[in-house]
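Take a look at the letters that make up each chain.
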Amino acid sequence: MEQGFGKVAVLMGGASGEREVSLISGKGVLAALKSQGVDAHAFDPASEPLDALRTFQRVFIALHGGYGENGAIQGALEIMGIPYTGPGVMASAIGMDKFRTKLIWQAVGLPVPEYAMLDDDSEFGAVEERLGLPLFVKPSREGSSIGVFMVTERGKLKSAYASARQHGDLVMAEKGVMGGEYTVAILGDEALPIVKIEPATAFYDYEAKYLRDDTRYICPADLATEKAAEIQAGAKKAFDAVGATGWGRVDFLMDEAGRHYFLEINTSPGMTSHSLVPMSARQAGLSFEALCVKILAGARCG
């Protein structure tokens with residue numbers, strides 16, 4: 001059952017704060033590709049020189065965070081002329097920066113939660129007043145909810161900022177939009193069925209994403225057909241606006257009045273048993289194995 005992809009490297013692990021999740025994703029993808037007759041091999045750039053990738057004809061990127069998702073590994077692969085999965089250099093770099101992603105989405109007229117950028121000299125009380133409570137504080141260039149803090153009491157923003165600041169020098173405060181958490185998977189030119197996320201924790205944090213079994217996922221989400229179609233079209237517009245191609249995920253929030261706000265884009269989504277893109281693909285009739293092959297088939301260079 002040879003698929004004609006040649007020798008394929010599945011990049012996993014890496015050196016970011018999301019290394020352990022990436023290893024789980026990568027092992028799942030590796031097993032799926034092998035089951036479909038693909039000559040796939042694990043490759044951890046934290047322990048192997050990138051130059052060794054020159055022996056591969058194609059790369060499946062299952063790295064999360066850090067240089068695996070910020071355009072660096074994509075640039076290296078382009079220099080070597082090796083086709084890879086997911087968005088290219090520019091879209092990856094933009095997608096890894098929540099602040100600049102928001103700027104682009106605002107410029108094309110997409111709704112985003114109200115936010116403020118923070119630094120050591122910010123008037124934290126004034127930011128609390130303007131955004132209201134609850135609000136969220138997050139490093140602009142991290143994923144998997146690493147370094148995200150929920151502020152529910154007046155006067156707590158400054159300490160939350162100090163904690164988030166440990167994960168990066170660009171930190172934002174974001175108005176809490178509390179009517180529901182959702183995501184839209186993008187595969188090629190198609191927006192897949194929407195997933196609603198119902199965490200048992202206060203919000204969809206790292207623990208709820210990867211460690212707990214009591215997070216509920218509803219797919220397709222309980223949205224009116226017209227509303228779902230509007231959001232899927234908006235998610236595809238959001239994906240295209242940052243220059244993304246291949247596959248990815250666009251997260252959004254709903255407020256209590258039923259208005260949606262686009263939150264962030266994930267250019268190298270998780271592929272674990274808890275992950276959302278495989279869940280959405282199943283609803284669209286694609287098995288995990290078929291999804292992995294389809295993503296690999298879309299690999300490109302530049």
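Cut-offs applied
Residues numbered from 1 in each chain as written. Predicted model: local features only at pLDDT ≥ 70, side-chain atom pairs only at ≥ 80, totals over all residues. Heavy atoms only, no water. Helix = DSSP H or I, 4+ residues; strand = E, 2+ residues; numbered from the N terminus. Rg over C-alpha atoms; globule rule 2.2 N^0.38 Å. Buried < 20%, exposed > 50% of the residue type's maximum accessible area, 1.4 Å probe, protein only. Contact = heavy atoms within 4.5 Å. Areas by Shrake-Rupley, 256 points an atom, 1.4 Å probe, with all protein chains shown as cover. Lys, Arg positive; Asp, Glu negative; His and termini not counted. Charge placed at Lys NZ, Arg CZ, Asp CG, Glu CD. Pairing = 2+ DSSP bridges. Axes fitted to C-alpha atoms, helices over the stretch in contact; angles between N-to-C directions. Phe/Tyr/Trp six-rings, centres within 6.5 Å; stacked < 30°, edge-to-face > 60°. Lys NZ or Arg CZ within 6 Å of the ring centre and 35° of its normal. Disulfide = S-S within 2.5 Å.

Caption draft 1: Layout of the overall build of the protein chain. When helices and strands are tallied, the protein chain shows 11 helices and 13 strands. For 302 residues, the compact-globule formula gives about 19 Å, and the C-alpha radius of gyration of the protein chain, at 19 Å, lands near that figure. On the principal axes, the C-alpha backbone points of the protein chain span a range of 60 × 40 × 35 Å. Taken across its 302 residues, the protein chain has 55% of its residues classed as buried. Taking all contacts inside the protein chain whose residues are at least 6 apart in sequence as the whole, residues at least 24 apart take part in 67%. Carbon and sulfur atoms provide 51% of the accessible area of the protein chain, an area that totals close to 12500 Å². Distance between charge centres in the protein chain, computed from 29 positive and 38 negative side chains, equals 2 Å.

Caption draft 2: Up close: unusual backbone geometry. That bond from Leu133 to Pro134 is cis: its omega, 0°, falls within 30 degrees of zero. You can see Pro134 is positioned in the loop between helix H6 (124-131) and strand S5 (135-139). In this chain, Cys219 is followed by Pro220 through a cis amide linkage whose omega measures 0°. Along the chain, Pro220 falls in the loop between strand S11 (216-218) and helix H9 (225-241).

Caption draft 3: Region of interest: the sheet that holds strand S1 (residues 7-11). The three strands lie next to each other as S2-S1-S3, forming an open sheet whose pairing is parallel. Each edge of the open sheet is held by one strand with a lone partner, namely strand S2 (39-43) and strand S3 (58-61). The sheet shows a mean angle of 30° between the axes of neighbouring strands, direction not considered. Bridging between S1 and S2 involves five bridges; their strand directions are parallel. Opposite Leu11, over in S2, you have Phe43 as the bridge partner. Packing of helix H11 (residues 288-297) onto the sheet brings it into contact with S1 and S3, and relative to S3 it is tilted by some 125°.

Caption draft 4: Quick look at the sheet that holds strand S4 (residues 115-118). Ordered by their spatial adjacency, four strands build an open sheet running S4-S7-S5-S6, and the pairing between neighbours is antiparallel. The open sheet has two edge strands, S4 and strand S6 (149-151), and neither has a second partner. Neighbour-to-neighbour, the strand axes of the sheet open up by a mean angle of 25°, direction not taken into account. Strand direction decides the pairing type here: S5 and strand S7 (residues 171-175), joined by five bridges, are antiparallel.

Caption draft 5: The arrangement of the packing of aromatic side chains in detail. Considering all chains together, one arrives at seven aromatic pairs under this definition. Seen in terms of ring centroids, Phe124 and Tyr161 are 5.5 Å apart; in terms of plane orientation they differ by 40°. Their pairing is tilted. In this pair, Phe124 sits in helix H6 while Tyr161 sits in helix H7 (residues 157-165), placing the two residues 37 residues apart along the sequence. Chaining the aromatic ring pairs together yields one cluster made of Trp105, Tyr182, Phe252 and Phe262. The side chain of Lys7 reaches across the aromatic face of Phe56, ending 4.5 Å from its centre. For Lys102, the ring lying beneath its charged end belongs to Tyr115, and the centroid distance is 5.7 Å.

Caption draft 6: Quick look at the state of the cysteines. Scanning the model with the defined rule gives zero disulfides in all. Its sulfur unpaired, Cys219 is 17 Å from the next cysteine sulfur, which belongs to Cys292.

Caption draft 7: Just the pairing of S3, in detail. Side chains of S3 alternate between two faces, with Arg58 and Phe60 and Val59 and Ile61 buried alike. In terms of strand pairing, S1 meets S3 through four bridges, oriented parallel. The residue bridging Leu11 from the neighbouring strand is Ile61, located in S3.

Caption draft 8: Layout of the environment of Gly302. Relative to the helices and strands, Gly302 resides in the segment after H11. Separated by 43 residues in sequence, Gly302 and Arg259 have C-alpha atoms that sit 36 Å apart. Those residues in contact with Gly302 that lie beyond four places of it in its chain are Glu78 and Tyr84.

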